[in-house]
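Listed below, chain by chain, are the residues.
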Amino acid sequence: MKMEQIQSIIEKMTLREKLFLCTGDGSWKTKEYEHLGIPSVIMSDGTNGVRFQKGSEQSPGERPFSEGLGDKFDDEGAMQRTYKATCFPSGSAIACSWDRDLIKRIGRDIAKECKALGINMLLGPGMNIRRHPLTARNFEYYSEDPVLSGEMAAAIVQAIQSEGVGSCIKHFACHNSDTRRTRVNVRVSERALREIYLAGFERAVKKAAPVSLMTAYNQINGEEVSGESRVVRDILRQEWDYNGMVVCDWGAVKDPVAASRGTIDLQMPLSKGSASYLEEAVKQGELDERLIDQRCARILEQVFKLKEWEASWKKEEVPSDSHALAAEAAGDSMVLLRNEDHILPLQPQKGERYAIIGDMAKNPLYQGTGCAIVNARQVDIPLECMQKYLADCQVTYARGYESDGSSSEALLKEAETAAAQADKVLLFVGSLLPPEDDDFNRKDIRLPQGMQELVERVTAVNRNCVVVLAGGEVCEMPWRHQTAALLLTWFTGEGMGQAVGEILFGEKSPSGRLAATIPERLCDTPAYLSFDGNIYDIPYADDIYVGYRYYTKRHIEPAYPFGYGLSYVPFVYGNLVVKQKGADVTVCVDVTNGGEMEAAEVVQLYVAPPAEGALPRPVRELKAFEKVKLAPGETKTVTLELTQRDFAAYDPEVKAWVVEKGSYSVEIARSCQDMILHQAVEQEGTCPPRPLRYDCGFHELFQTPEAKKMFLEFLVEQGLVAQDQANEALADKMTWSFWPVWNFLDMNSGKVFYQAYRDFIDRVNTRITAKS
Ligand code: BGC
């Protein structure tokens, strides 16, 4: 619908009608006004599949306050009220596939399931940076790296929206901890904000134009993101030119007037209180009604767009092969961390004895909880899925531990005996999430005690032990050296069981690569000392050194680095060709599958900064990647493009992305620590001159020859030196000084020219900034 038509509808609306358009009709709908021709749209969670509760499409009636206060997302009642849907790998899992096409196919299937249920907009994907592994909701998010996060998010948003369903990326921004998540304040530097926490959102917004964006619960540097904040109003709206619908996270608005000023459009869920509060504010002249009109305009633009899309929906059937896609995606996301003496893929021999151990072989851990939980359509059971490969073998099963991860001597003993009598052991374990409550962050990243003991006892009696490890985030694995192989399955969704079978028994070569560093110990992690602050503040002391940026800079050896993952075949790289056109760079590299089965490789491209830059930088940063599938012996040329921005850092002093002049290294790698090929690339640089401060030193002042010349003229002007003394040699005599220029002159001249000095600095600044 055209903007003029939208404006004319708004003109007909009463203030009250407008205010009720700016909040939900219940929890999952926007308000419908039949007499104004305004339809309603329906939205629903989640991030790796649809979570839609029966009855959500109806406007809720009044209900007594006490009713439903104890309702949780994942209790039995809630699950019964939730429609079935395909449960795909969660964010932290699918990111390990590094596969844009795959996540697009998932996006299209999720959108089809939305259409079948009448959902116009999906409240996903979640794309916060995984700053610290204790964050309970990290399983919903992609990576510790903004390029990988932004690319995966952009791909799924494009796919969902190509099917006529809107996508709402969340939670913008710095929502990186769950304890007191609705009210903490994040203290973050401008540089970390831009380079780490906003960069992925910026990529998704610019590449995929999501219909909507959800603002987070927290504050950033003292500003409520779901209130009046610079990140929404100035950066998202103005700098990135985002005109979509900004929705606050459920219950995130604390001050509706501030939210209106901050360009938050839709306050969810229904808040009658907020509507009356705003009505009063407008009537009292505290809030300009035009801000409400603007909110309505942005909401209506997206509502009409979503309705137009809906009109083109065909009678949707749930895609019949979505379970197959879930299983395929699960397999492509699992990461093989260890494979001693090529124990994998397993080749079961007739009569061979296999012990399958662990409750999770029967009750797989395949998804997280909270608002991302999916009432999965069809869950594959690993134990059952492995039967066909082990038909000629003797298979014993031992439970090993209880469903809460605890164990007992009887369970441990039974497992130990089964392991001791087997040729090979398949041991299923996983790290559980804490129950959702106010203190929702994890307490540690270890396996539950019972499982840990189980791994130790089982591997002590049988070294041919393959551990299959599930979890939404990384886990400490001091026991890994005792295992023969270690397959990290993450929360890979309902097809996890089938996928485990395919990988363990060699129907598929593992191709997942870590989207986050696995630390040796929790205390090695970058945010270990600054994850919690006092009650309300979280200092982001790790700054731009998040994830591998920290480990590589500090030479801290993790258990497994970012980008790492094994395959059943070797890949051979060669023929690196780097072409430059201005600041843009095209990188081509050949990759060959040197093995005997089809396999996929993730080609990773990192950029390392020049050694002598003024800004501190990470050792290297991921800038591009591509996943390629290769038949045995096949070679493909992979082309990766870099733009000027890929060489830039955000310089808070000049408030801009700058490329420092110098020699950068373009590196093709297997992980952030394993460089295969590299080539130097020169960049001319785009650094605007930094404006001088009044307390600048001689080094800053003499950065440009022009400023040096002006300084010498200034000395003459003030009568400090004669014209013939004012030369380079004189200037050079002062450059040793650590004092600010002003104090140095003051102390050595005995004259008063304070204001003249300030005027001089102003003149220099005007000259150098005018030139840039
Ligand atoms: C969560 C969002 C979710 C919303 C609606 C909030 O508590 O943070 O991710 O989309 O609830 O369920």
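See above for the structure.
Report follows, based on the coordinates. As the structure is a computational prediction, the values presented were derived from the model and not from experiment.

### Describing the overall build of the protein chain
Argument step 1. Of regular secondary structure, the protein chain possesses 23 helices and 26 strands.
Argument step 2. Compactness check: the protein chain gives a C-alpha radius of gyration of 29 Å against a globular reference of 28 Å for 772 residues, within 12% of the reference.
Argument step 3. Its C-alpha atoms give the protein chain principal-axis dimensions of roughly 100 × 70 × 50 Å.
Argument step 4. When each of the 772 residues of the protein chain is scored for burial, the buried share is 60%.
Argument step 5. Nonlocal contacts in the protein chain, meaning residues at least 24 apart in sequence, comprise 76% of its contacts between residues at least 6 apart.

### Topic: the packing of aromatic side chains
Argument step 1. This model, assessed by the stated rule, comprises 31 aromatic pairs.
Argument step 2. When the ring of tryptophan 736 is compared with that of tryptophan 739, the centres are 6.3 Å apart and the planes differ by 80°; the resulting orientation is edge-to-face.
Argument step 3. You can call tryptophan 736 exposed: its relative accessible area is 55%.
Argument step 4. The class of tryptophan 739 is partly exposed, set by a relative accessible area of 32%.
Argument step 5. It is arginine 100 that lies over the ring of phenylalanine 625; its NZ or CZ is 4.1 Å from the centre.
Argument step 6. The ring of phenylalanine 702 has lysine 708 lying over it, and the distance from NZ or CZ to the ring centre is 5.3 Å.

### Points about the sheet that holds strand β17 (residues 537-539)
Argument step 1. Across the sheet, four strands lie side by side as β8-β7-β5-β17; this open sheet has mixed pairing. Either end of the sheet is taken by a strand with one partner, and the two such strands are β8 (223-224) and β17.
Argument step 2. Where strand β5 (residues 185-187) lies against β17, three bridges are found, and the strand directions are parallel. If you follow arginine 187 over to β17, its bridge partner there is proline 539.

### Comments concerning the pairing of strand β19 (residues 584-593)
Argument step 1. Counted residue by residue, β19 has seven buried out of ten residues, so it is predominantly covered.
Argument step 2. A loop of two residues connects strand β18 (residues 571-581) with β19, the two strands running antiparallel in sequence, and glycine 582 in this loop sits at a positive phi of about 65°.
Argument step 3. With eight bridges joining them, β19 and strand β22 (residues 635-642) adopt antiparallel strand pairing. The partner of aspartate 590 across the bridge, within β22, is threonine 637.

### Considerations on the packing of helix α7 (residues 190-197) against helix α9 (residues 230-239)
Two measures define how a pair of helices packs: the angle their axes make with one another and the distance between the axes.
Argument step 1. Taken N-terminus to C-terminus, the directions of α7 and α9 make an angle of 55°; their axes are 14 Å apart at the nearest point. Taken as axis vectors, α7 and α9 run oblique relative to one another. Viewed along their axes, α7 and α9 form a crossing whose handedness is right-handed. Residues Glu190, Leu193 and Arg194 of α7 form the contact with α9, whose participating residues are Arg230, Val231, Ile235 and Glu239.
Argument step 2. Among the residues making up the contact of α7 with α9, the classes are represented as three nonpolar, no polar and four charged.

### Observations regarding the site of the ligand
Argument step 1. Inspection of the region around the ligand gives 13 residues, with Asp45, Arg137, His171, Tyr217 and Asp249 positioned closest.
Argument step 2. For the ligand, an oxygen atom lies 3.5 Å from a polar atom in the side chain of arginine 51.
Argument step 3. Lysine 170 is positioned with one of its side-chain polar atoms (N or O) 2.9 Å from an oxygen atom of the ligand.
Argument step 4. Protein chains bury 95% of the 310 Å² of accessible surface belonging to the ligand in isolation.
Argument step 5. Along the lines of polarity and charge, the residues of the shell around the ligand split into six nonpolar, one polar and six charged.

### What to know about the pattern of salt bridges
Argument step 1. Summed over all chains, the structure comprises 57 salt bridges.
Argument step 2. We note a salt bridge from glutamate 228 to arginine 233, for which the minimum N-O separation is 2.8 Å.
Argument step 3. Residue glutamate 228 is classed as partly exposed on the basis of its relative accessible area of 31%.
Argument step 4. For the salt bridge of arginine 338 with glutamate 340, the shortest nitrogen-to-oxygen distance reads 3.9 Å.
Argument step 5. For arginine 338, a relative accessible area of 13% translates into the label buried.
Argument step 6. Residues participating in the shared-partner salt-bridge network are Arg100, Glu151, Arg203, Lys207 and Glu626.

### Here we look at the side chain of asparagine 375
Argument step 1. One can find asparagine 375 in strand β12 (residues 375-376).
Argument step 2. One polar contact links the side chain of asparagine 375 to the main-chain carbonyl oxygen of methionine 79, over a distance of 3.1 Å.

### Details of the environment of phenylalanine 440
Argument step 1. Relative to the helices and strands, phenylalanine 440 resides in the loop between β14 (424-430) and α16 (449-461).
Argument step 2. Residues phenylalanine 440 and arginine 181, spaced 259 residues apart in sequence, show a C-alpha to C-alpha distance of 8.9 Å.
Argument step 3. If near-sequence neighbours (up to four positions away) are discounted, phenylalanine 440 is found in contact with Ala136, Arg137, Asp178, Thr179, Pro434 and Pro435.

### Some words on the packing of helix α13 (residues 322-333) against helix α17 (residues 496-504)
Argument step 1. Put simply, α13 and α17 touch, their axes get as near as 8 Å, and they point 50° apart. Comparing the axis directions of α13 and α17 gives the class oblique. Judged by the twist between their axes, the crossing of α13 over α17 is right-handed. Here His323, Ala327, Ala330 and Gly331 of α13 lie close against α17, whose contacting residues are Met496, Gln498, Ala499 and Ile503.

### Let's talk about the environment of aspartate 759
Argument step 1. In this fold, aspartate 759 is placed in helix α23 (residues 754-771).
Argument step 2. Residue aspartate 759 is classed as partly exposed on the basis of its relative accessible area, which comes to 35%.
Argument step 3. Along the backbone, aspartate 759 and tyrosine 694 are 65 residues apart, and their C-alpha atoms lie at a distance of 9.7 Å.

How each quantity is defined
- Residues numbered from 1 in each chain as written.
- Predicted model: local features only at pLDDT ≥ 70, side-chain atom pairs only at ≥ 80, totals over all residues.
- Heavy atoms only, no water.
- Helix = DSSP H or I, 4+ residues; strand = E, 2+ residues; numbered from the N terminus.
- Rg over C-alpha atoms; globule rule 2.2 N^0.38 Å.
- Buried < 20%, exposed > 50% of the residue type's maximum accessible area, 1.4 Å probe, protein only.
- Contact = heavy atoms within 4.5 Å.
- Phe/Tyr/Trp six-rings, centres within 6.5 Å; stacked < 30°, edge-to-face > 60°.
- Lys NZ or Arg CZ within 6 Å of the ring centre and 35° of its normal.
- Pairing = 2+ DSSP bridges.
- Axes fitted to C-alpha atoms, helices over the stretch in contact; angles between N-to-C directions.
- Parallel < 35°, antiparallel > 145°, perpendicular 65-115°, else oblique.
- Left-handed = near helix turned anticlockwise from the far one by under 90°.
- Nonpolar A, V, L, I, M, F, W, Y, C, P; charged D, E, K, R; others polar.
- Near = heavy atom within 4 Å.
- Polar contact = N/O pair within 3.5 Å; in protein donor to acceptor, adjacent residues only side chain to side chain.
- Areas by Shrake-Rupley, 256 points an atom, 1.4 Å probe, with all protein chains shown as cover.
- Salt bridge = Lys/Arg side-chain N within 4 Å of Asp/Glu carboxyl O.

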